[in-house]
Each structure stands twice: as C-alpha cells, then as structure tokens.
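Structure at a glance
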Amino acid sequence: MEIATPTAAAPSDTAEPSRDCPRCPRLVGVRESLRIEHPAWWNAPVAPLADADPWLAIIGLAPGLQGANRTGRPFTGDRSGPLFWDTLIAAGLAEGSYTGKVDDAPAPKGIAIINAVRCLPPENKPTPEEIRTCRPFLDADLAAMPSLRVVVALGALAHQSTVKVLGGRLPKARFAHLAEHVMPSGITLIDSYHCSRYNQNTGRLTPEMFAAVFARAIELRDAA
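Anyway, here's the lowdown on the structure attached to this text. (Residues numbered from 1 in each chain as written. Predicted model: local features only at pLDDT ≥ 70, side-chain atom pairs only at ≥ 80, totals over all residues. Heavy atoms only, no water.)

1. Notes on the packing of aromatic side chains
All chains considered together, the criterion is met by four aromatic pairs. Here the aromatic rings of F75 and F84 are separated by 4.0 Å at their centres, their planes lie at 10°, and the arrangement is stacked. Per residue, the accessibility class of F75 equals that of F84, and both read buried. In textbook terms, an aromatic cluster arises when at least three aromatic residues are bridged by ring pairs, as seen for F75, F84 and W85. Sitting over the ring of W42, R19 keeps its end group 4.8 Å from the ring centre. In this structure, R204 is placed above the aromatic ring of Y193, and the distance from its NZ or CZ to the ring centre is 4.1 Å. (Phe/Tyr/Trp six-rings, centres within 6.5 Å; stacked < 30°, edge-to-face > 60°. Buried < 20%, exposed > 50% of the residue type's maximum accessible area, 1.4 Å probe, protein only. Lys NZ or Arg CZ within 6 Å of the ring centre and 35° of its normal.)

Written as structure tokens, this is what we have:
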C-alpha cells in the first residue's frame, strides 16, 4: 500500500519543515515508530491547506493520530473532521462535502488551515519547547498572507502561539471562547474551543458555538 499523497498546499512552500524534520527529538521518535507500525500513513510534518490568497487563517494545535498524521491533510480522517468541515462549508468557507477521505475532500475558500505544531505529539500534548521550535513555520506562513484580516485559534495553546507570532501580549489577550483580540498589525484574533471529539462529547463546544466563531469572522471581513 502506498503512502498517502495529499494535495495540501502551503502559502509558502519554502517555509515548511522537511518530511524528516529533526528539530524535535521526541516527535521524531513518535514519527519513526509510526512509520514502522503504519507505513501507509502520512507520518510526517503536515503542511497548511490554503486558498491562494486567504483572508482568514484557522490555527489548530497539532495533527491528530487518526486525522492529519494519517492522511496528511488538516482535520481530515478523525472525529473532529465532520464538525470542522461541515461548519466551514455551511459558512461558505469551503466547497464540497466531507467524507473523511483525501481524494474528495472539501476545498478551502479564502482560508488557510494551519497547525501550530506540524508533527503529531504524544497524547495530543506538545511540550512548550516543541511549540516554540515549530513557531517559526507558523510565523512564516502568516507573514506570507498579504490579505490576512482574521485569525481563529482553536484552543488555548494555539491561541498562545498565535498571539506571540502576531506580536500581541498574552497578559492582555486571554483565551476564552469567542473572545476577540486586535493585534498590533490590525489583524483580529478570535478564540474558539477546539473542535475535538472530547469537547463535542462533553458539550464544551456545540455546533452552534462553533458556527458563531466563523459567523463573527465573516462579519469582521465584511465590515473592513
């Protein structure tokens, strides 16, 4: 069985880590073990998925084991995918329908989808050092988006990394669902709980709450 070859495209290909990026030894160990256990999986840093000139960037934390780490495509293949993509499609931010497969996956419209950490961390918990080590890639990707107006951060760790990349100050930009923070560049950061299956199952994040985040992002775009 061949390794998946998703069509995810980065805003700036030169900004991305190599397939065998050596920067985080713990994550390298996870990657190497999974390449033996699941040789048909992607098992490599996951590049952003982006339209040509995005006005909105959505920042997740890291690839999921059964999701992007398996398929090579953000939010594709695990239980966070249906809520994520169905919400974007309903908001007009993606085209197509979500089946969990790479070959017929929805296409982004005016958006970029990026993980703050490019490689799978154990238990979905990257260390502070791993987040810092991967931050230059996030920085380069956002800097390569001249039309960027709004950023949505999924979860507190993605929020923290995004605030630092955009030049904000964490004490003044506290994470809360639907909180808004205007960054020094004028870009607005909107916070959301992550669309993980755990958050969905516990009721921490409902479909209505998630939809409200992107409705607000569109309001900000249209008011500019």
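2. A short note on helix α5 (residues 156-165)
Among all positions of α5, only A158, H159, S161, T162, V163 and V165 are buried. Packed against the buried residues of α5 are β2 (56-60), α4 (128-143), β6 (150-154), β7 (180-182) and β8 (188-192). Directly after α5, the chain includes G167, whose backbone phi takes a positive value near 80°. (Helix = DSSP H or I, 4+ residues; strand = E, 2+ residues; numbered from the N terminus. Contact = heavy atoms within 4.5 Å.)

3. Some remarks on the pairing of β8
Of all five residues that make up β8, five are buried, and the element is covered over most of its length. Burial along β8 is two-sided: the face carrying T188, I190 and S192 and the face carrying L189 and D191 are both buried. Pairing geometry for β6 and β8, over five bridges, is parallel. Bridging from a neighbouring strand, V150 pairs with T188 of β8. Two strands pair when backbone bridges link them, and β7 and β8 are joined in this way by three bridges, in the antiparallel orientation. (Pairing = 2+ DSSP bridges.)

4. What about unusual backbone geometry?
Even without a glycine there, the phi angle at N43 is positive, about 50°. Note on placement: N43 falls in the loop between α1 (25-37) and β1 (49-50). Positive phi outside glycine occurs at E123, with the angle close to 55°. As for its placement among the helices and strands, E123 is situated in the loop between β5 (111-115) and α4.

5. Some details on the layout of surface pockets
When its volume is computed, the largest pocket comes out at roughly 610 Å³. Those elements that place two or more of their residues in the lining of the largest pocket are α5 and α6 (197-202). Taken together, the residues of the lining of the largest pocket sort by class into 14 nonpolar, 11 polar and six charged. (1 Å grid on protein atoms, 1.4 Å probe; cavity = no way out; pocket = protein on both sides within 12 Å on 5 of 7 lines; lining within 4 Å. Points joined across faces, edges and corners; volume = space filled by probe spheres on them. Nonpolar A, V, L, I, M, F, W, Y, C, P; charged D, E, K, R; others polar.)

6. As for the nonpolar core
L56, I58, F84, W85, L88, I113 and F214 are the most contacted members of the largest nonpolar core, which totals 25 residues. Looking at this core, the elements that each hand over two or more residues are β2, α3 (81-90), β5, β6 and α7 (207-223). Top element by residues in this core is α7. It accounts for five residues. Contacts of W85, omitting those with residues within four sequence positions, involve L49, R73, P74, F75, T76, A94, Y98, P106 and I113. Counting residues in each nonpolar core, the second largest holds 20 residues, with A50, A153, V163 and I187 among its members. (Core = buried A, V, L, I, M, F, W, Y, C linked by side-chain atoms within 4.5 Å.)

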